[in-house]
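A look at the structure
Below are the chains, spelled out letter by letter.
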Amino acid sequence: MKTVLMVAEKPSLAASLANILSNNKSSSRKGLNGSCSVHEWTGSFMGQNVRLKMTSVCGHVMSLDFLGKYNNWDRVDPVELFSCPTEKKEATAKLKMPLFLSVEAKGCDYLVLWLDCDKEGENICYEVMNCVASSIHGNVYSDAVTYRAKFSAITERDIKAAFNNLGKPNENEAKSVDARQELDLRIGCAFTRFQTKFFQGRYGDLDASLISYGPCQTPTLGFCVQRHDQIQTFKPEPYWVVQVYVKTNEGQTVNLDWQRMRCFDKEVANVFLQIVRETKIAKVQSVISKEKLKPRPPALNTVELMRVASSGLGMGPHHAMQIAERLYTQGYISYPRTETTRYPENFDLLGALKLQQHNSDWGSEVSEILRDGINRPKSGHDAGDHPPITPMRSASRSELDGDAWKLYDYITRHFIGTLSKDCKYLSTKATFIINEEVFTTSGKTLLDPGFTKVMTWQELGKGEIVPTFKTNDNVPILESKLTEHQTCPPDYLTEAELITLMEKHGIGTDASIPVHINNICQRNYVTVSGGRRLIPTTLGIVLVHGYQKIDPQLVLPTMRSAVEEQLNLIAAGKANFQAVLKHTVEIFKLKFQYFVQNIDGMDQLFEVSFSPLSASGKAFCRCGKCRRYMKYIQAKPQRLHCSQCDETYSLPQNGNIRLYKELKCPLDDFELLSWTMGNKGKSFTFCPYCYNHAPFRDMKKGSGCNACLHPNCPHSLNSNGVSSCIECEIGVLVLDPSSAPKWKLVCNKCDIIIHLFDDAQKVSVEDDVCECGTQLLNVKYQSEKTKLPNEATDMTGCMFCMPEFAKLVDKHKAIANKRGPRAFRGGRGAGRGRGRSRPKQPKDKMAQLAAYFV
């Protein structure tokens, strides 16, 4: 019997598909990576009895990156990134996805790809195919082996129809994604590395750990700054309006609108007021009533969903799309990433609507539509991707949490609205003549609410007075006066307005638009204020103005829009992948070189807005070179700056930094510091110089004393290492002396923390080793605080094996994974790093110095 391997994009989706295709008769098991399940059953495929296996990936299997040596910011000139080699790496190494897919593909004869039906999904198709190429029977790139399922909703009807009408993966669309990934990587990394190093080495209050550039992100920021500039340069002008109030026969007071609207010259406005005041009567020239329609909306696509989520539901577009994807995988809605606003002719609109007729929130409106007959939705745009976003299953408030219900409620009401009648109303306009000056008033009378009955937020405004005037009536004027007003600047862009601008100018796709908006918020370029308005920060404003000063095309939408057009041509098979890539990279390389040569233009703007490093921060610890105090700059990214040596030293981020007992590093004389995330978090001591310039070959940059290979420094791994970490199996549990009196061991690789010997006066690591491979610990308590048995104040033993220590050691995760005392022996770093994988250490002072200067 032949075997078919089927792969979905997410584990939850794989489970839903397996249940539908197997009629709930599949068996399930965990895959070797522990994250993806494999569902198996026997069924029919291509007219033959086969064994079917459904599993999944977790998004992209691979990601694009530079070769290892090009990821060193200090040694690689950013301009090299435009031409250096790249490689595909596992997107999430711990998932072991390529191995998992390869193992599951062994012995399989066919591959059916159930990835999301968009360009990213096509790209993942080819990632999966590459992973299984060496395992599956036959050529995976052959049309006889690999098939592609196209579907838009997780319903039995859609899924089984997709399974019976399999197609082929689209290589051109996959290549367009590869091109986008490579362009964004090369361009973004080159600009980001250069400007981050340049400006963080000069200014202390940027409050940003990364000063990033992105071909889509930066034009997105440009729209926000452009609106900010319009607001700042706006000069309000006074203007005057003639206001007239008349009285109807029913005794109602009506405010008339001046046909001239406003006048910017007060003297002229006063002349008009005097003309009006010459009479006490307003003559009704005409009363015109017209029946008008408020059209129902077109079918819903992704951009409109994000716009409404932001402006009406108070959700950011990134958050809204995460919820929409969850609703899709749970089967509540159809695929939420689509540019189409027109339903295909064969779409079962009636079936989708009938699912909602018993819903307590809108069931009565649905029943009314079904009784009167549905109206075909308005003709919209067909992008050839997926049908518009549609509810595929009825849900109640109790089924979905707050934001999920709000989004589902809107999607469903919008769908019902598209099948409803247009809203009908009577518009009445009365025109008045007062001494040859023309005034008007108007109102609306609802005739048929139509779609507004279910889309209640679109209802006609309440309280509108419908004028009851007749032609040639003379109406008494109650009051006429001149009111002064001022022109107002535009408000800051809302997320909804920004999404509209991005769509209009071709910046990003329906999938990437929320990501770009989220990025400029996360990177401190804009802040989100009330009404979800985007206010640029000083950093965001200065960056955009700097780009405009050096090369406006870097921030204008036209450049990225042109690139997107080329990528779409690749997807359509009308442009050569390599030619587009080479041409675009070369253009941006020239722009980058010009940007670097003229960076002083942007630097002048930074000088005005930010403080230099020498004027930032507070005196903190002594420099090992000049013995002067270095300044600690707390704004992101935290760092030290020596104004005497003009050197800046990076520090560990997202924690508290403090001086450690004024002790010094024996290698470079810099004062030691302690980094901590609090009593319950990670902590370690470190030397600022060694942290930035690793002194030993086998020590990585960014390492603390708990990873230092110095043979006899009292703060090093050699002096404080206790045992190998059995959680990650590559790290060492190291005693942190700076944590006293809340003593703890911290793994120098993973997040394992072991609290032990609370309130002890001293804890030290002995030279002797337990039979389990763990260094012995000596613990000393003051007599009034001792927690040792029999009120002992001094005891030495193994923290894992000694019963007297059992209640004093909180092993956290380590105890759950403890595999007996032998677990530590021979592991990397076991016994303070003396196991087989221990790197050879320098044995004398000269050897230490030689290693230090490598």
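What comes next concerns the included structure.

Let us look at the side chain of His641. Considering the arrangement of structural elements, one finds His641 in strand β19 (residues 639–642). In terms of polar contacts, His641 uses its side chain to reach the backbone carbonyl oxygen of Glu647, at 3.3 Å. A polar atom in the side chain of His641 sits 3.1 Å from the side chain of Thr648. The residues touching His641, leaving out its near neighbours within four places in the chain, are Leu613, Ser614, Met630, Lys631, Ile633, Asp646, Glu647 and Thr648.

Attention now goes to helix α7 (residues 266–277). Over its 12 residues, α7 runs 16 Å from end to end, which matches the ideal 16 Å to within 8%, given 1.5 Å per residue. Within α7 the residues assigned to the buried category are Ala269, Phe272, Leu273 and Val276. The buried residues of α7 occupy one face: seen down the axis, they fall within an arc of 105°. Backbone nitrogen of Glu267 and a side-chain oxygen of the N-cap are separated by 2.9 Å at the start of α7; the cap is Asp265.

The next thing to look at is the layout of surface pockets. If you roll a probe as big as a water molecule over the atoms, it shows you where there is empty space left. Estimates place the volume of the second largest pocket at around 790 Å³. If you go around the second largest pocket, you meet 22 residues; those closest to its centre are Asp74, Gln200, Ser650, Asn692 and Lys701. For the lining of the second largest pocket, the secondary-structure elements that each account for two or more residues are α5 (171–200), β20 (647–650) and α19 (688–692). Of the residues belonging to the lining of the second largest pocket, the class tally is six nonpolar, 11 polar and five charged.

A few words on helix α18 (residues 599–609). Looking at α18, one finds that the buried residues are Ile599, Gly601, Met602, Asp603 and Phe606. Elements that come into contact with the buried residues of α18 comprise α5, α15 (538–550) and α17 (577–597).

Side chains Ile753 and His755 project from strand β27 (residues 753–756) onto one buried face, and the interleaved Ile754 and Leu756 project onto a second face that is buried too. Pairing analysis gives three bridges linking strand β26 (residues 744–747) to β27, with the strands arranged antiparallel. Of the residues in β27, the one forming a bridge with Leu745 is Ile754. Taking the residues that link successive antiparallel strands as the turn, the β26-β27 hairpin has five residues. Judged from the two bridges that link them, β27 and strand β31 (residues 809–810) form a sheet pairing that is antiparallel.

Ordered in space as β24-β25-β26-β27-β31, the five strands form an open sheet in which the pairing is antiparallel. The open sheet is flanked by β24 (721–724) and β31, the only strands paired with a single partner. Inspection of the sheet shows β24 paired to strand β25 (residues 732–735) by three bridges, in the antiparallel sense. Following the sheet pairing, Ser724 is matched in β25 by Val732.

Below, the discussion takes up the packing of helix α2 (residues 97–105) against helix α3 (residues 119–132). Running from amino to carboxyl end, α2 crosses α3 at an angle of 65°, the nearest separation of the two axes being 8 Å. Our pair here, α2 against α3, has a crossing hand that is right-handed. Residues Pro98, Leu101, Ser102 and Ala105 of α2 lie in contact with α3, whose contacting residues are Val128, Cys131 and Val132. Its residues placed into classes, the contact of α2 with α3 shows six nonpolar, one polar and no charged.

Mapped onto the elements of the fold, Val38 is located in strand β3 (residues 37–45). Distance from Val38 to Met54, taken between C-alpha atoms, is 5.7 Å for residues 16 residues apart in sequence. Beyond its immediate sequence surroundings of up to four residues, Val38 is in contact with Ser27, Ser28, Arg29, Gly31, Lys53, Met54, Thr55, Phe100 and Glu104.

Two numbers describe how helix α9 (residues 317–329) lies on helix α12 (residues 402–418): the axes approach to 10 Å, and their chain directions differ by 80°. Taken as axis vectors, α9 and α12 run roughly perpendicular relative to one another. From α9, His319, Ala320, Ile323, Ala324, Arg326 and Leu327 reach across to α12, where they touch Asp403, Ala404, Leu407 and Tyr408. Tallied by class, the residues present in the contact of α9 with α12 amount to seven nonpolar, one polar and two charged.

Inspection of every chain in the model, using the stated rule, returns zero disulfides. Left without a disulfide partner, Cys263 is nearest to the cysteine sulfur of Cys488, which lies 18 Å away. In this structure Cys798 is a free cysteine whose sulfur lies 3.7 Å from that of Cys801, the closest cysteine sulfur available.

Glancing now at the sheet that holds strand β13 (residues 437–448). Strand order in the closed barrel made by the six strands is β9-β10-β13-β12-β11-β14, with antiparallel pairing throughout. The mean inter-strand angle of the sheet, taken between neighbouring strand axes irrespective of direction, is 40°. As paired elements, strand β11 (residues 281–294) and strand β12 (residues 423–434) share 11 bridges and run antiparallel to each other. When the sheet's bridge partners are listed, Leu293 is paired in β12 with Lys424.

Conventions used here
Residues numbered from 1 in each chain as written. Predicted model: local features only at pLDDT ≥ 70, side-chain atom pairs only at ≥ 80, totals over all residues. Heavy atoms only, no water. Helix = DSSP H or I, 4+ residues; strand = E, 2+ residues; numbered from the N terminus. Polar contact = N/O pair within 3.5 Å; in protein donor to acceptor, adjacent residues only side chain to side chain. Contact = heavy atoms within 4.5 Å. Expected span 1.5 Å × (residues − 1). Buried < 20%, exposed > 50% of the residue type's maximum accessible area, 1.4 Å probe, protein only. Arc of directions from axis to C-beta. 1 Å grid on protein atoms, 1.4 Å probe; cavity = no way out; pocket = protein on both sides within 12 Å on 5 of 7 lines; lining within 4 Å. Points joined across faces, edges and corners; volume = space filled by probe spheres on them. Nonpolar A, V, L, I, M, F, W, Y, C, P; charged D, E, K, R; others polar. Pairing = 2+ DSSP bridges. Axes fitted to C-alpha atoms, helices over the stretch in contact; angles between N-to-C directions. Left-handed = near helix turned anticlockwise from the far one by under 90°. Parallel < 35°, antiparallel > 145°, perpendicular 65-115°, else oblique. Disulfide = S-S within 2.5 Å.

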